[in-house]
Amino acid sequence: MINEFPQTLTIAGSDCGGGAGMQADLKTMQMRRVFGATVIVAITAQNTLGVQKAYPLTTEQINAQFASIADDFRIRACKTGMLADIPTVQIVAENLRRYDFGPYVLDPVMVAKGGAKLLADDAIAEVKRDLIPLCTLITPNLPETEKLTGIKVEQPEQMKEAARQLQSMGAKNVLVKAGHFNDPDYATDYVLLADQRDFWMKAKRVHTKRTHGTGDTISSCIVAELAKGKPIEEAIKISKQFVTASIANTIQIGHGHGPLNLWAFGGEK
Ligand SMILES: Nc1ncnc2c1ncn2[C@@H]1O[C@H](COP(=O)(O)OP(=O)(O)OP(=O)(O)O)[C@@H](O)[C@H]1O
Ligand SMILES: Cc1ncc(COP(=O)(O)O)c(N)n1
């Protein structure tokens with residue numbers, strides 16, 4: 001049924017503070033004019049000051065949500081965010097193999113801005129083995145890139161080397177995000193596509209601590225664009241513009257790493 005409204009799915013943790021996790025994903029999807037559904041794998045009690053508590057859901061609770069989504073919706077693209085621990089990574093991988101939710105964007109969330117662990121260290125091996133081979137695109141930040149590849153990234157050339165390695169591990173397309181890169185003037189991400197074309201995406205670095213949920217925002221925007229049928233290169237480029245505008249046009253919420261202004265870029269463009 002080709003005329004159905006584009007439907008997307010985020011498989012992620014809940015951030016009760018509304019700035020990251022599935023809340024950031026849903027808000028971004030709404031702005032990009034796709035329908036967003038969720039499989040929640042963990043509940044966090046957090047705000048802009050940090051993560052106070054995290055409670056993973058059971059595999060039964062996660063399976064039930066997957067079944068409900070698969071029974072009724074035609075998901076055209078999906079993403080994963082916070083996955084908490086080994087059982088969660090395994091059950092999510094199992095469901096992604098069971099159901100066809102279209103292109104899959106893997107945001108390998110490991111540590112929150114405030115320093116809290118959102119993925120157990122021993123689950124990284126499962127992400128590499130079970131999820132990377134399934135994904136259409138992986139979107140690690142620099143610390144995640146280093147953990148997944150073992151390559152210390154201090155120069156742009158090492159971003160390229162790490163991207164090639166992630167591809168050899170099974171990721172079809174790779175976006176290495178540079179929010180954590182040591183460049184005071186620009187945030188320049190690197191993209192390596194499945195057909196071996198590559199490019200840099202340069203944006204002025206905004207000097208703000210209001211960057212809660214930047215990774216969720218860019219990855220869920222890519223999911224939305226893919227669900228509307230945009231080619232991956234275009235989906236990634238629009239999403240970089242979306243996140244840059246959302247960081248640059250600050251809104252004042254909370255007392256720490258504040259959330260982005262997801263209205264800044266606008267909707268359908
Ligand atoms: N201060 C900044 N100014 C401009 N762009 C930024 C800034 N910080 C991050 N970005 C951009 O935001 C996007 C997300 O990158 P980042 O490296 O922050 O991801 P992340 O660490 O996974 O985010 P989070 O964990 O907060 O969700 C990238 O396109 C990056 O270049
Ligand atoms: C549930 C959840 N998912 C993802 C993040 C990462 O976002 P950030 O690194 O900006 O804290 C988070 N804090 N909480």
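Quick note: structure is the one above.
Bear in mind the structure is a predicted one, so any value in this text is a computation, not a measurement. (Residues numbered from 1 in each chain as written. Chains lettered and ligands numbered in written order. Predicted model: local features only at pLDDT ≥ 70, side-chain atom pairs only at ≥ 80, totals over all residues. Heavy atoms only, no water.)

Caption draft 1: How the structure looks around the pairing of strand β8 (residues 186-192). Along β8, five of the seven residues are buried, which leaves the element largely enclosed by surrounding structure. Examined bridge by bridge, strand β7 (residues 173-176) and β8 share three bridges and lie antiparallel to one another. Across the sheet, V174 pairs through a bridge with L192, a residue of β8. Looking at chain direction, β8 and strand β9 (residues 198-204) are connected through seven bridges and run antiparallel. Paired with A187 across the bridge in β9 is A203. Between β8 and β9, which pair antiparallel in sequence order, lie five residues; one of them, Q196, sits at a positive phi of approximately 80 degrees. (Buried < 20%, exposed > 50% of the residue type's maximum accessible area, 1.4 Å probe, protein only. Helix = DSSP H or I, 4+ residues; strand = E, 2+ residues; numbered from the N terminus. Pairing = 2+ DSSP bridges.)

Caption draft 2: Highlighting the sheet that holds strand β6 (residues 137-138). Strand order in this open sheet of nine strands is β3-β2-β1-β4-β5-β6-β7-β8-β9, and the pairing throughout is mixed. In the strand order of this sheet, the two ends are held by β3 (50-56) and β9, each with one partner. Packed onto the sheet, helix α2 (residues 59-72) meets β1 (7-15), β2 (35-47) and β4 (75-80) and runs at close to 155 degrees relative to β2. (Contact = heavy atoms within 4.5 Å. Axes fitted to C-alpha atoms, helices over the stretch in contact; angles between N-to-C directions.)

Caption draft 3: A look at the packing of α2 against helix α3 (residues 86-98). The N-to-C vectors of α2 and α3 enclose an angle of 25 degrees; their axes lie 10 Å apart at closest approach. By the criterion of interaxial angle, the relationship of α2 to α3 is roughly parallel. For the crossing formed where α2 meets α3, the hand is right-handed. Contacts between α2 and α3 involve T59, I62, N63 and F66 on the former and, on the latter, P87, T88, I91, V92, N95 and R98. Looking at the contact of α2 with α3, its residues break down into five nonpolar, four polar and one charged. (Parallel < 35°, antiparallel > 145°, perpendicular 65-115°, else oblique. Left-handed = near helix turned anticlockwise from the far one by under 90°. Nonpolar A, V, L, I, M, F, W, Y, C, P; charged D, E, K, R; others polar.)

Caption draft 4: Spotlight on the state of the cysteines. Counted under the stated rule, the structure contains zero disulfides. With no disulfide partner, C221 has as its closest neighbouring cysteine sulfur the one in C78, 16 Å distant. (Disulfide = S-S within 2.5 Å.)

Caption draft 5: Summary view of the side chain of S219. As for its position among the elements, S219 is in helix α7 (residues 214-227). Given a relative accessible area of 0%, S219 falls into the buried group. A polar atom in the side chain of S219 sits 3.2 Å from the backbone oxygen of D216. Residue contacts for S219: discarding those within four places in its chain leaves K79, V105, D107 and T139. (Polar contact = N/O pair within 3.5 Å; in protein donor to acceptor, adjacent residues only side chain to side chain.)

Caption draft 6: Quick peek at the site of ligand 1. Taken together, 20 residues are adjacent to ligand 1, and K113, N141, K177, D189 and G215 come closest. H180 places a side-chain nitrogen or oxygen 2.9 Å from an oxygen atom of ligand 1. At a separation of 2.9 Å, a nitrogen atom of ligand 1 approaches a polar backbone atom of V206. For ligand 1, the accessible surface in isolation is 630 Å², of which the surrounding protein chains cover 94%. Of all the secondary structure elements, the ones that give two or more residues to the shell around ligand 1 are β8, α7 and α8 (232-248). Classifying every residue of the shell around ligand 1 gives six nonpolar, seven polar and seven charged. (Near = heavy atom within 4 Å. Areas by Shrake-Rupley, 256 points an atom, 1.4 Å probe, with all protein chains shown as cover.)

Caption draft 7: Spatial organisation of a nonpolar patch on the surface. Side chains of F5, F35 and F73 sit close together on the surface and give an oily, nonpolar patch of about 270 Å² of accessible area. Following the sequence through the fold, F35 ends up in strand β2. For F35, a relative accessible area of 39% gives the class partly exposed. (Patch = residues over 30% accessible without salt bridge, like charges linked within 9 Å, V, L, I, M, F, W, Y side chains within 5 Å. Salt bridge = Lys/Arg side-chain N within 4 Å of Asp/Glu carboxyl O.)

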